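So you can see what is in the structure, the chains are spelled out below.
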Amino acid sequence: MTVRPGMIDAHTHYVPQTFPDLNKAVCEQPDWPWMKPVSEREAIIMVGSQEFRTVADDCWSPEVRRADMAESGVTTQVVSPTPVFFEYARSGREAAGVAKVFNDIAREMFADAGDEFLTFCQVPLQDPDLACEELDRCLANGHVGVEIGNHVGDKDLDDEGILTFLQHCAEVGAPVFVHPWDMPTSPRLSRWMGRWLAGMPAETHLSLLSLVLSGAFDRLPDTLRIAFAHGGGSFAFWLGRVENAWHRSPHVHRDSDKPPSSYLGRFYVDSVVFDERALRLLVDTIGRDRVLVGSDYPYPLGEVPVGSVLERADWLDEEGRTLIRTTNARRFLTGSVSG
């Protein structure tokens, strides 16, 4: 893997402009996602008969992406799937079929675009054997890591099957990017984009809690390179509450060997928090060697220009900026600062 010098955006997504009919490519099932063209530069992601999101050519065009990167000073994008395509609610075989379709398309989309774009694959996380098999196939095909959703139904990241997959990622040296998805819905959360503004941070916080309090981090090798989107959700803000509960509450199952704060060096978070005060909390809590630039490009809730919260953080010295802008991402992607 070659990582170019300059700012690395560790959190971006892609959507293919077109992809095969999944009824034919995988199996006959209702409510598969498909693309509804609007124009040459725009399409709607459909899930069955329901509109999910309108997307534009910055989702699929390396040329458009490259121009946007130049405006922000980004030299490398880590390009991950869009979670709506994970299909964790279907059978492992069906999700594996979908993963293969999208993973192969991603490599085709970016294969000739140079080393500006490093692709992460998706896997059928509900089936650890198939997930490991697809990850290995994708690594051999040019992907450099994997994006996973933060849960599979009611199974969180401390589930035995998911831990088996994470252990395999550590063994083969694949970085893991955890993205919140499939947030609960209710009348209260349906207002004001509540699922995205409150549900997403809560999902990521809950998943980090599952790894910490269950003792999963004690069982996973410390060679696992794992990062959490959106600044790790609300985890940094509420770590003190979690720490207090671990020490004092009989209702917290303390299956971890050490207090929650002891695991801060085990994971990375991205910088998609939009406010330099929030970034300072991340740096002070998670560690300045554990924060990566991320943007959520090209979606509307992403940061534009990329890295702007980092540039506004006048309390950071140049060494700290370099760590967050480039060095930490190199270590996350390759296990070394010289990747």
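Scroll up to find the structure.
Nothing here was measured: the structure is a model prediction, and the numbers come from that model.

Draft legend 1. Structural detail: the packing of helix H3 (residues 92-110) against helix H4 (residues 128-140). Two elements in contact, H3 and H4, have axes separated by 10 Å at closest approach and are oriented at 15 degrees. The angle between H3 and H4 places the two elements in the roughly parallel class. Crossing handedness for the pair H3 and H4: right-handed. Here Gly 92, Arg 93, Ala 96, Ala 99, Lys 100, Asn 103 and Asp 104 of H3 come into contact with H4, specifically with Leu 130, Glu 134, Arg 137 and Cys 138. For the contact of H3 with H4, the per-class residue count stands at 4 nonpolar, 2 polar and 5 charged.

Draft legend 2. Structural detail: the sheet that holds strand S4 (residues 50-56). Read from one edge of the open sheet, 3 strands run S2-S3-S4, paired in antiparallel fashion. Two strands in the sheet have a free side with no partner beyond their single neighbour: strand S2 (33-39) and S4. Strand after strand, the sheet turns through a mean of 25 degrees between neighbouring axes, direction not considered. Looking at chain direction, S2 and strand S3 (residues 42-47) are connected through 6 bridges and run antiparallel. Of the residues in S3, the one forming a bridge with Ser 39 is Glu 42.

Draft legend 3. Region of interest: the sheet that holds strand S11 (residues 291-292). Spatially, 8 strands are ordered S1-S5-S6-S7-S8-S9-S10-S11 in an open sheet, and the strand pairing comes out parallel. The open sheet is flanked by strand S1 (7-13) and S11, the only strands paired with a single partner. Bridge count for strand S8 (residues 176-179) against strand S9 (residues 226-228) is 3 bridges, and the pairing is parallel. Across the sheet, residue Val 178 finds its bridge partner in S9, namely Phe 228.

Draft legend 4. Here's a closer look at helix H2 (residues 62-72). Here H2 has its buried residues at Pro 62, Arg 65, Met 69 and Ser 72. For H2, the angular spread of the buried residues around the axis is 85 degrees, confining them to a single face. The outward face of H2, more than 90 degrees from its buried face, is lined by the exposed residues Glu 63, Ala 70 and Glu 71. Taken together, the buried residues of H2 touch S1, strand S5 (74-80), H3 and strand S6 (117-121). Count one or two residues on from H2 and you reach Gly 73, which has phi positive near 80 degrees.

Draft legend 5. Fine view of the packing of H4 against helix H5 (residues 160-172). Contact pair H4 / H5: the axes reach a minimum separation of 9 Å and the direction vectors enclose 25 degrees. Between H4 and H5, the interaxial angle falls into the category roughly parallel. Between H4 and H5 the crossing geometry is right-handed. Contacts between H4 and H5 involve Pro 128, Ala 131, Cys 132, Leu 135, Asp 136 and Leu 139 from the first element and Gly 161, Thr 164, Phe 165, His 168, Cys 169 and Val 172 from the second. The class makeup of the residues in the contact of H4 with H5 is 8 nonpolar, 3 polar and 1 charged.

Draft legend 6. Local environment of unusual backbone geometry. Cis peptide bonds are those with omega within 30 degrees of zero, and the linkage from Tyr 297 to Pro 298 qualifies with 5 degrees. Here Pro 298 is to be found in the loop between S11 and helix H10 (308-312). Looking along the chain, the bond that leaves Val 304 and enters Pro 305 is cis, with omega of -10 degrees. Its place among the elements puts Pro 305 in the loop between S11 and H10. One non-glycine residue, Glu 87, adopts positive backbone phi at about 60 degrees. Tracing the backbone shows Glu 87 in the loop between S5 and H3. The class for Glu 87 is buried, based on a relative accessible area of 12%. Residue His 230 is not a glycine yet carries a positive backbone phi of 55 degrees. Relative to the assigned elements, His 230 resides in the loop between S9 and helix H8 (235-248).

Draft legend 7. Spotlight on the layout of surface pockets. For the largest pocket, the calculated volume is near 1,400 Å³. Residue lining of the largest pocket: 44 residues in total, with Pro 180, Trp 181, Met 183, Trp 196 and Met 200 positioned closest to the centre. Every element with two or more residues in the lining of the largest pocket is listed here: S4, helix H6 (194-213), H8 and helix H9 (276-286). For the lining of the largest pocket, the element with the most residues is H6, which contributes 5 residues. Each residue belonging to the lining of the largest pocket can be placed in one class, and the counts come to 26 nonpolar, 10 polar and 8 charged. In this structure, the second largest pocket occupies an estimated 260 Å³ of space. Looking at the second largest pocket, it is lined by 19 residues, and the ones nearest its centre are Asp 68, Tyr 297, Glu 303, Val 304 and Val 306. Secondary-structure elements contributing two or more residues to the lining of the second largest pocket are H2 and S5.

Calculation notes
- Residues numbered from 1 in each chain as written.
- Predicted model: local features only at pLDDT ≥ 70, side-chain atom pairs only at ≥ 80, totals over all residues.
- Heavy atoms only, no water.
- Axes fitted to C-alpha atoms, helices over the stretch in contact; angles between N-to-C directions.
- Helix = DSSP H or I, 4+ residues; strand = E, 2+ residues; numbered from the N terminus.
- Parallel < 35°, antiparallel > 145°, perpendicular 65-115°, else oblique.
- Left-handed = near helix turned anticlockwise from the far one by under 90°.
- Contact = heavy atoms within 4.5 Å.
- Nonpolar A, V, L, I, M, F, W, Y, C, P; charged D, E, K, R; others polar.
- Pairing = 2+ DSSP bridges.
- Buried < 20%, exposed > 50% of the residue type's maximum accessible area, 1.4 Å probe, protein only.
- Arc of directions from axis to C-beta.
- 1 Å grid on protein atoms, 1.4 Å probe; cavity = no way out; pocket = protein on both sides within 12 Å on 5 of 7 lines; lining within 4 Å.
- Points joined across faces, edges and corners; volume = space filled by probe spheres on them.

As far as function goes, none of this settles anything; it's purely spatial.
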